[in-house]
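Summary of structural features
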There are 4 protein chains.
Amino acid sequence: MSEHGHHEVGPAHALERLVFFSDAVFAIAITLLVIELHAPHLPRGASDLDYIQALANLIPEFVGFFISFFVIGSFWAGHHRAFSCAKHWDPKLLFPNLEMLCTIAAMPFFTAFVSTNSNTRVPAMLYCGWLVLTALLNMRLQRLATSPAVLAPDVSDETVRTIRRRGLAVLLGAMTGLVVSWFVPALGTPALMSIPLWRLLILRFAEPRGLTAHQR
Amino acid sequence: MSEHGHHEVGPAHALERLVFFSDAVFAIAITLLVIELHAPHLPRGASDLDYIQALANLIPEFVGFFISFFVIGSFWAGHHRAFSCAKHWDPKLLFPNLEMLCTIAAMPFFTAFVSTNSNTRVPAMLYCGWLVLTALLNMRLQRLATSPAVLAPDVSDETVRTIRRRGLAVLLGAMTGLVVSWFVPALGTPALMSIPLWRLLILRFAEPRGLTAHQR
Amino acid sequence: MSEHGHHEVGPAHALERLVFFSDAVFAIAITLLVIELHAPHLPRGASDLDYIQALANLIPEFVGFFISFFVIGSFWAGHHRAFSCAKHWDPKLLFPNLEMLCTIAAMPFFTAFVSTNSNTRVPAMLYCGWLVLTALLNMRLQRLATSPAVLAPDVSDETVRTIRRRGLAVLLGAMTGLVVSWFVPALGTPALMSIPLWRLLILRFAEPRGLTAHQR
Amino acid sequence: MSEHGHHEVGPAHALERLVFFSDAVFAIAITLLVIELHAPHLPRGASDLDYIQALANLIPEFVGFFISFFVIGSFWAGHHRAFSCAKHWDPKLLFPNLEMLCTIAAMPFFTAFVSTNSNTRVPAMLYCGWLVLTALLNMRLQRLATSPAVLAPDVSDETVRTIRRRGLAVLLGAMTGLVVSWFVPALGTPALMSIPLWRLLILRFAEPRGLTAHQR
């Protein structure tokens, strides 16, 4: 019973609360993206074509919304994956987690900046550069969450390595985006779609194939 | 004990966190609807009637707010219903869930678009069309959440069928709205109220009546 | 073990998720109040007095923020109190809970309306009238959450009665505000402070004094 | 079993829900800070330098965002630390917790005020003064959360003392900021960085060094 009570108020609960708080920040950042989509208000008597034209003008905003939604969603999935292997609370997780959440919370700004100034170099590079920073903070956090002091005893080394390699794939994808933005700004954020390619590449070359398929 | 520990850090926890994150996104999207309701600011000395007039002008916004509140609320209830039958974590849930949440997170935009341009075809059709997409993604997710790999062993086939049939009712209601919007834009979003009718129809004809009443 | 498993995926979990979703909506509505507080931007060279004057002009907004914060906070506390007595899931809770959350989610609009048009009758009455509606939906929900089908077996009748009486006190306070707004708009929302008085009155006259002190 | 059931619906659950609600408010307040960062929209044909200039103009807003992010994050960490020692529910926690959350929820306003009017006395003093109030409410709440009626039995006196001393360090840092703002407004919010210094000072002088290192 004392063991059980300890779990509820002690380390396990502290870890759960950190995860919970992070989930809330991810969820708010991902949902706040919508407030950058301003619904056009057309005068009475506007034709159907006018409405379709008004929507077409919003395409860059929509593309920005969808890309950022899946970027934040992927970081959430990575956080989810790393912390589902964590069992022990370590106060050292607190600030690295907060720093990572800070980069996520700022994403709506960078999304708005790149969406309202589409096809320009500085906003596209800033967006991808911010993702490079996010990916680095993410990798540090994932390393902490899967460090011996935190990790659950029944998690295999292979699982830990896969989590870290996926983190690396995000970094490489963000760097690809950064480089592409310099030369062709319009292709900077679409270049983030190279993340799954990098992941495939890393996972395929770094570990036996059977395991990869199983841990996907 | 190891079995218990496994539950806390392993599959069950991963499922819980997915549900939690989804709840947060639903809650934020549903509450963000209010920021499209702009409080009118009247000059000093305005009469009571001026205020009532200003409020009357907001009726389309209010109607939009209430309809979208209950649309998102219904999708949340469906998610709640499907995942209350899920027991095992499956990484295949991750992206279909994220895609469904993406359509929910975008609802405040479509609500604002249909509210500020009331009685026009394109916004009404877009709103209902977006709901058709949401309903389709919802059905796919519900099928995954009640698939053998995920489902709790003690859930009856009948419960699973009822959940899926309710999902279908939402799709039929959204399609009704889409068709109605084409002919009478002003009746497009009110036609969503056909969802409970479709549900009654499907549940009544598809299964023995006694079970339906019990699972309502 | 099967009993334990049942708890995690079945009724108890469904109830927990409802409570969780409600908490998130309460938390978002209460925190969104701040976006109606627009920070004044003064030109360079403005004096300290200019800044203090600019802040003084915001007093109605601040008062609105604080009143609504504690109004939403009180409804949350009532929800918390009622559901801490609930143990069994009942699908009948779903829609009454959603309806109550809808009135809470709309509070930022009514707060902004009464704050930007201070000392006028219609906004003050609308604010208090909306609270009357919220209080009624709250009472219905609390009755459901403490109904025999939902209630935990170890909760005393006295506790249930206290919860319902507190709900009644909120209704009486909101009605007081509504009546006062008609005659003196500026005192309408401050009249909500009569809620604790109504509560004291009801609790003191309706039950033995010893119990009240213990259940406060 | 009745003991276990009691935990799930009774005191422990009530405490968990309070913590949960607080987490959500902290998470929303911290993420809402981003909506004060308005993405600049430049005309077509603007040069890279124009974009960099536009971003440079936003530096005060960015600094405000980061400072407030870590201020709210620190209060969350303090709340986390204090409540990870709490085990028993006490209704007396409700309003002091709500009051503390109210000061946190208002932070986006004070952040925006100090950011858009950088280097001026009144906004800087108001920001730091608000933090003094927050720190005081925080200290009161931490004292309640670690009071004998609430505290878990296995928490050492030393842990409790460390939590309270950290709360005091935040108060002293906020007061330092308040005093500095009076004389040099531009250094007011940066002076909040003295919080870790105050913490080191208090922890080093107030308790044996070995323990401090262990409880960090």
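Being a predicted model, the structure only gives us computed values, none of them experimental.

A few words now on the overall build of chain A. Counting its secondary structure elements, chain A contains 10 helices and zero strands. When the elements of chain A are put in sequence order from the N terminus, they spell out α-α-α-α-α-α-α-α-α-α. Per-residue burial for chain A yields a buried fraction of 50% across its 216 residues. Taking all contacts inside chain A whose residues are at least 6 apart in sequence as the whole, residues at least 24 apart take part in 82%.

For Asn119(A), which is not glycine, the phi dihedral falls at a positive 65°. Secondary-structure assignment places Asn119(A) in the loop between α6 (107-116) and α7 (121-145).

Turning our eyes to something else, we now look at the relation of the copies chain A and chain B. The relation between the two copies of this chain is a rotation about an axis and a shift parallel to it. Placing chain A over chain B gives an RMSD of 0.0 Å and needs a rotation angle of 90°, together with 0.0 Å of translation along the axis. The relationship between the two copies is best expressed as a four-fold rotation axis. A different interface surface on each copy is seen, since only 10% of the contact residues of chain A are contact residues in chain B too.

The interface of chain A with chain B comprises 29 residues on the first partner and 30 residues on the second. Mapped onto the side of chain A that touches chain B, the elements with two or more residues apiece are α2 (11-32), α3 (48-57) and α4 (59-83) of chain A. Top element by residues in the side of chain A that touches chain B is α2(A). It accounts for nine residues. When its residues are assigned to classes, the side of chain A that touches chain B shows 19 nonpolar, five polar and five charged.

Side chains that are nonpolar tend, in soluble globular proteins, to be buried together. With 270 residues, the main nonpolar core has Val25(A), Val25(B), Val25(C) and Val25(D) as its most contacted residues. When residues no more than four places from it in sequence are discounted, the contact partners of Val25(B) are Ala27(A), Ile30(A), Thr31(A), Leu101(B), Ile104(B) and Ala105(B).

All right, on to the relation of the copies chain D and chain A then. Aligned on chain A, chain D shows an RMSD of 0.0 Å; the corresponding rotation is 90° and the shift along the axis is 0.0 Å. Interface overlap between copies: only 7% of the residues of chain D at the interface are likewise at the interface in chain A, consistent with a contact formed by different surfaces.

Looking at where Val63(A) falls in the secondary structure, it is placed in helix α4. Through-space distance from the C-alpha of Val63(A) to that of Pro190(A) is 9.3 Å; in sequence the pair is 127 residues apart.

Turning next to the interface of chain D and chain A. With 28 residues of chain D in contact, the opposing surface of chain A contributes 29 residues. Going through the elements one at a time, α2 (11-32), α3 (48-56) and α4 (59-83) of chain D are the ones with two or more residues in the side of chain D that touches chain A. Considering each element in turn, the side of chain D that touches chain A owes the most residues, nine residues, to α2(D). Tallied by class, residues from the side of chain D that touches chain A come to 18 nonpolar, five polar and five charged.

This part is about the environment of Pro91(A). Residues and elements named next belong to chain A. Within the secondary structure, Pro91 is located in the loop between α4 and α5 (94-105). Under the C-beta neighbour-count criterion, Pro91 is labelled partly exposed, with 13 such atoms within 10 Å. When the C-alpha atoms of Pro91 and Ala14 are compared, they prove to be 9.0 Å apart, with 77 residues separating the residues in sequence.

So, on to the environment of Val170(C). Residue and element names in this part refer to chain C. Note on placement: Val170 falls in helix α8 (residues 157-183). Separated by 48 residues in sequence, Val170 and Val122 place their C-alpha atoms 21 Å apart. Setting aside its immediate chain neighbours within four residues, Val170 contacts Ser74, Gly78, Ala135, Asn138 and Ile195.

Another point: α4(A). Helix length check: α4(A) (25 residues) gives 36 Å between terminal C-alpha atoms against 36 Å at 1.5 Å per residue, within 8%. Most of α4(A) is tucked away: 18 of the 25 residues are buried.

Right, let's talk about the confidence of the model for chain A for a bit. All names here are of chain A. Summary statistics for chain A give a mean pLDDT of 85 and a share of 90% for residues scoring 70 or more. With pLDDT under 50 throughout, residues 1-9 is counted as low confidence; its partners more than four residues away or in other chains account for eight contacts. Ignoring residues within four places in sequence, the model shows residues 209-216, a span with pLDDT below 50, making nine contacts including any to other chains. The ipTM assigned to the predicted complex is 0.84, against a pTM of 0.88.

Residue and element names in this part refer to chain B. Between helix α4 (residues 59-83) and helix α8 (residues 157-183), the shortest axis-to-axis distance is 10 Å and the interhelical angle comes to 160°. Between α4 and α8, the angle is such that the two are roughly antiparallel. The crossing of α4 and α8 is left-handed. Contacts from Ser74, Gly78, Arg81 and Ala82 in α4 reach Ile163, Arg166, Gly167 and Val170 in α8. Taken together, the residues that form the contact of α4 with α8 break down as three nonpolar, three polar and two charged.

All names here are of chain A. Running from amino to carboxyl end, α4 crosses α6 at an angle of 150°, the nearest separation of the two axes being 9 Å. With respect to α6, the axis of α4 lies roughly antiparallel. In this structure, the crossing between α4 and α6 has a hand that is right-handed. Between α4, through Pro60, Glu61, Gly64, Ser68 and Ile72, and α6, the contact on the second element is made entirely by Met107, Thr111, Val114 and Ser115.

Reading the values: rules and limits
Residues numbered from 1 in each chain as written. Chains lettered and ligands numbered in written order. Predicted model: local features only at pLDDT ≥ 70, side-chain atom pairs only at ≥ 80, totals over all residues. Helix = DSSP H or I, 4+ residues; strand = E, 2+ residues; numbered from the N terminus. Buried ≥ 20, exposed ≤ 12 C-beta atoms within 10 Å, placed from the backbone. Contact = placed C-beta atoms within 7 Å. Least-squares fit on C-alpha atoms with pLDDT ≥ 70 in both. Nonpolar A, V, L, I, M, F, W, Y, C, P; charged D, E, K, R; others polar. Core = buried A, V, L, I, M, F, W, Y, C linked by C-beta atoms within 7 Å. Expected span 1.5 Å × (residues − 1). pLDDT = per-residue confidence, 0-100. Axes fitted to C-alpha atoms, helices over the stretch in contact; angles between N-to-C directions. Parallel < 35°, antiparallel > 145°, perpendicular 65-115°, else oblique. Left-handed = near helix turned anticlockwise from the far one by under 90°.

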